[in-house]
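Given next are the chains, with one letter for each unit.
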There are 2 protein chains.
Amino acid sequence: MSVSIRDVAQRAGVSVGTVSNVLNRPGDVSPDSVARVSQAIEELGYVRNDAARKLRAGVSTTVGFVVLDGQNPFYNDVVRGAEDEAATHGIAILYGNTDEDPSREKVYLDLFREQQVRGLLLSPYGDVLPQLRRLRSAGIAPVLVDRFSADGEFSSVSVDSVAGGRLAVDHLIETGRRRIAFVGGPLQLRQMNDRLAGARASAENAATRVDLEVVATTSMTVDEGVAAGARILARPRREWPDAVFAGNDLLALGLLQSLVSGGRMLVPDEIALIGFDDTIFAAAAAVPLSSIRQPSRMIGRTALRIVLEEAADPKSIPRQTVFAPELVIRRSTAGS
Amino acid sequence: MSVSIRDVAQRAGVSVGTVSNVLNRPGDVSPDSVARVSQAIEELGYVRNDAARKLRAGVSTTVGFVVLDGQNPFYNDVVRGAEDEAATHGIAILYGNTDEDPSREKVYLDLFREQQVRGLLLSPYGDVLPQLRRLRSAGIAPVLVDRFSADGEFSSVSVDSVAGGRLAVDHLIETGRRRIAFVGGPLQLRQMNDRLAGARASAENAATRVDLEVVATTSMTVDEGVAAGARILARPRREWPDAVFAGNDLLALGLLQSLVSGGRMLVPDEIALIGFDDTIFAAAAAVPLSSIRQPSRMIGRTALRIVLEEAADPKSIPRQTVFAPELVIRRSTAGS
DNA sequence: AACTATACATGAATCGTTTCAGGTGATTTC
DNA sequence: GAAATCACCTGAAACGATTCATGTATAGTT
């Protein structure tokens, strides 16, 4: 049926130990043996049985990645970055999408533990600390993605959301806006809260008086954005904000739809609009969206690198990696 | 260190064989033993070592999924469907994104083979037939996704793209359009070609004279859509089409951006626009896009189900599953 | 010539499950 | 009441790789 290391050994006229050495420590084997074994492998079409390897050597060649919103292009980009890095190490990614459902989150953590992944990347939603602790004690290094680990218990890779919020509102103020609405939520989500905090800081430190109101949403989807836009437009015109800072690009796209419907192009002249994440759909919008860019691929790459390092050295100290966000200006905030 | 079945057996006062039976064939074990073993598992926090299980029993609990464009929300949805189905079987998904790069495709197929996945879902780009054959002879069932296997050599799950193209153009004609442009490519991609063929069939069968021109793109991205839109607008106005059928939603979004820029809202009055896939971003566009819906989650679910069935019965005959597309009408094709 | 160091090769033990032939005691059948 | 059937358990073998203590041959040193 399938070809094992024993078959290779026989064909090459060496012991199984030698074949294993060729596979793992070719430097310790004579060039002659390496050649013969390599040829046998080639001829037989042998591929290593990863299960046996994992069982005996205890090394895993997979890393789990659990994201909280598989529909969000931002996470797709992060995954892409992790994938690239993983491929260079011959590591495969086990993927799970929780769609903000804590029970799905639990299922995946158990499933990946059973698979004995080498490490786990996670953009957490629910309260997963207990599970993460158990994972760690089972020898699986967890790294938080897109979430700062405040108490420093786990490593994390994220972007400074407070700075991002500040960048966004600074930009709106600089382009002459004074009545700003922050549309986002749920505010229990750390990232959302931080973005709002940055926005507040910016508004308070401005040279002139700037009003900042909060329009809360229950999730970060396009539909919620549409609804929030409709609520804003329902007010008397003089109570409209002159700028909206959306908590992420999906919300911004929904808002844009509301704000240009009925043939009225309110963006950017009447109302400026800025998003967060700078996903490909921000640039692709009918009115290209200004946004706060997160280096998403880099986040993925870095997270994967860290998880491998931690797996290699279980005693390593957790560390927080924080990237700086970047303002990307497009038409949706063009000066009025 | 980690808890094994032996520890559980000892704690429960039974043999390892019994514990294994509780795990796999609880019906064959006395209720009393089941209870004692379950409790021991609970107390010790035992999780099955999948590597050992895979090694001995030869059953794999992972399925590979290789998609050709991880940025495309359509594939995210398909993956999501596969995920849902997989979870109900306790199966995890190894994910790989090739970004239309045949060498990446090869890397993933090898990697997944080494992992001994139970089966492989693949939206193919390059010529992978030889590799798929090798996979199959290694006992890994491949299923093509979003691609019809013309020669019937492998199972496939897809949507009738020809019918989709016909639906789109029928709709444009019904709403009074007569000069239609198909924007899409590369035409070597089976899906694209089929969509165009459907469009042609519709135009030729129309009661009145309908012109159909082809504006070819080199890939199916937003940027290509923007460029195609610019090329169209660069012509004298009387040579503009009165409707555009985009090969997928990403192209349509790019086209939309071109066609509403400069404050001119050409869609839908001057030019109607319809996409393909009905991704969430079609509904989310500034002018909500009409599109041809593919039952993307269902495609994923079905593909996963088939791959499991084929893995269970290696002698099963490949079968082609083809879903019907569905027309979704939104503002972008509102009657003029 | 005696000793040490170096370079490779060997093969049995091991990882944690599943499987299965065989065993035990209780219950049913004739 | 002997035989057959049933319901459960048991424990050792096996899956395919890696590891490591042990061995042998060759080169280098005194």
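Before any of the text, the structure's been laid out above.
Below you will find a few notes about this structure. Only a predicted model underlies this, so the values are computations on that prediction, with no experimental measurement involved.

Procedures and definitions
Residues numbered from 1 in each chain as written. Chains lettered and ligands numbered in written order. Predicted model: local features only at pLDDT ≥ 70, side-chain atom pairs only at ≥ 80, totals over all residues. Near = placed C-beta within 6 Å. Helix = DSSP H or I, 4+ residues; strand = E, 2+ residues; numbered from the N terminus. Nonpolar A, V, L, I, M, F, W, Y, C, P; charged D, E, K, R; others polar. Axes fitted to C-alpha atoms, helices over the stretch in contact; angles between N-to-C directions. Parallel < 35°, antiparallel > 145°, perpendicular 65-115°, else oblique. Left-handed = near helix turned anticlockwise from the far one by under 90°. Contact = placed C-beta atoms within 7 Å. Buried ≥ 20, exposed ≤ 12 C-beta atoms within 10 Å, placed from the backbone. Pairing = 2+ DSSP bridges. Least-squares fit on C-alpha atoms with pLDDT ≥ 70 in both. Arc of directions from axis to C-beta.

Some points on the protein's contact with DNA strand D
No. 1: Neighbouring DNA strand D are 27 residues, the closest being A:Ser4, A:Ile5, B:Gly17, B:Ser30 and B:Arg56.
No. 2: Mapped onto the surface near DNA strand D, the elements with two or more residues apiece are helix H1 (5–12), helix H2 (16–24) and helix H4 (50–57) of chain A together with helix H2 (16–24), helix H3 (31–44) and helix H4 (50–57) of chain B.
No. 3: Class assignment for the residues of the surface near DNA strand D results in 10 nonpolar, 11 polar and six charged.

Quick look at the protein's contact with DNA strand C
No. 1: Neighbouring DNA strand C are 26 residues, the closest being A:Gly17, A:Arg56, B:Ile5, B:Ala52 and B:Arg56.
No. 2: Elements represented by at least two residues in the surface near DNA strand C include exactly H2 and H4 of chain A together with helix H1 (5–12), H2 and H4 of chain B.
No. 3: Looking at the surface near DNA strand C, its residues break down into 10 nonpolar, 11 polar and five charged.

What to know about the packing of helix H5 (residues 73–88) of chain B against helix H13 (residues 296–312) of chain B
Residue and element names in this part refer to chain B.
No. 1: The geometry of H5 relative to H13 is characterised by a closest axis approach of 7 Å and an angle of 45° between their N-to-C directions. Regarding the angle of H5 to H13, the classification is oblique. The crossing of H5 and H13 is right-handed. Mapping the contact onto sequence places Phe74, Asp77, Val78, Val79, Arg80, Gly81, Ala82, Asp84, Glu85 and Ala86 in H5 and Ser296, Arg297, Met298, Ile299, Gly300, Arg301, Ala303, Leu304 and Arg305 in H13.

Remarks on the environment of B:Gln294
Residues and elements named next belong to chain B.
No. 1: Following the sequence through the fold, glutamine 294 ends up in the loop between strand S10 (291–293) and H13.
No. 2: Put simply, glutamine 294 and valine 159 are 135 residues apart on the chain and 6.6 Å apart in space, counted from C-alpha to C-alpha.
No. 3: Not counting residues up to four positions away in its chain, the partners in contact with glutamine 294 are Phe74, Val159, Asp277, Asp278, Ile299 and Pro325.

Quick look at the pairing of strand S8 (residues 243–246) of chain A
Residues and elements named next belong to chain A.
No. 1: Alternating positions in S8 separate into two faces, Ala243 and Phe245 on one and Val244 and Ala246 on the other, with burial throughout.
No. 2: Bridge count for strand S6 (residues 179–184) against S8 is four bridges, and the pairing is parallel. Within the sheet, the bridge partner assigned to isoleucine 180 lies in S8 and is alanine 243.
No. 3: Of the strand pairs in this sheet, S8 and strand S9 (residues 272–277) are connected by three bridges, and their pairing is parallel. Opposite phenylalanine 245, over in S9, you have isoleucine 274 as the bridge partner.

Side note on the relation of the copies chain A and chain B
No. 1: Laying chain A over chain B is done by rotating through 180° and shifting 0.3 Å along the axis; what remains is an RMSD of 0.4 Å. Seen this way, the second copy is the image of the first under a two-fold rotation axis.
No. 2: An overlap of 98% is found between the interface residues of chain A and their copies at the interface of chain B, pointing to a shared contact surface.

Describing H2(B)
Residue and element names in this part refer to chain B.
No. 1: Three or more residues of H2 are buried, namely Thr18, Val19 and Val22. One side of H2 holds all its buried residues, which, seen down the axis, span an arc of 100°. In this structure, H2 carries Gly17 and Asn24 as exposed residues pointing more than 90 degrees from its buried face.
No. 2: Where H2 is buried, its residues meet H1 and H3.

Looking at H4(A)
No. 1: All of the buried residues along H4(A) are A:Asp50, A:Ala51, A:Arg53 and A:Lys54. Buried residues of H4(A) fall within an arc of 165° about the axis and therefore sit on the same side.
No. 2: The inward-facing, buried residues of H4(A) contact H4 and helix H6 (102–114) of chain B.
No. 3: Remark: A:Gly58 follows H4(A) within two positions and exhibits a positive phi of approximately 75°.

A look at the environment of A:Gly64
No. 1: Following the sequence through the fold, A:Gly64 ends up in strand S1 (residues 62–67).
No. 2: On a C-alpha basis, the gap between A:Gly64 and A:Ala230 in space is 40 Å, while along the polypeptide they are 166 residues apart.

Considerations on the packing of helix H10 (residues 222–233) of chain B against helix H11 (residues 249–260) of chain B
Any two packed helices are characterised by the angle at which their axes cross and by the distance between the axes.
Residue and element names in this part refer to chain B.
No. 1: Closest axis-to-axis distance for the H10/H11 pair is 6 Å, and the angle between their directions is 40°. When the axis of H10 is compared with that of H11, the two are oblique. Of the two elements, H10 crosses H11, and the hand of that crossing is right-handed. For the pair H10 and H11, the contacting residues are Val222, Asp223, Glu224, Gly225, Val226, Ala228, Gly229, Ala230 and Leu233 in the first and Leu250, Leu251, Ala252, Leu253, Gly254, Leu255, Gln257, Ser258 and Leu259 in the second.
No. 2: Its residues assigned to classes, the contact of H10 with H11 shows 11 nonpolar, five polar and two charged.

Considering unusual backbone geometry
No. 1: Cis geometry marks the peptide bond from A:Gly185 to A:Pro186, where omega comes out at -5°.
No. 2: Summarising the element assignment, A:Pro186 is placed in the loop between S6 and helix H9 (190–205).
No. 3: Here the bond from B:Val267 into B:Pro268 is cis, since omega is 5°, no more than 30 degrees from zero.
No. 4: Tracing the chain through its elements places B:Pro268 in the loop between H11 and strand S9 (272–274).
No. 5: A positive phi angle, near 55°, is found at A:Glu100, a position not held by glycine.
No. 6: Locating A:Glu100 in the fold gives a position in the loop between strand S2 (92–97) and helix H6 (102–114).

The quantities given are spatial measurements derived from coordinates; they are silent on function.
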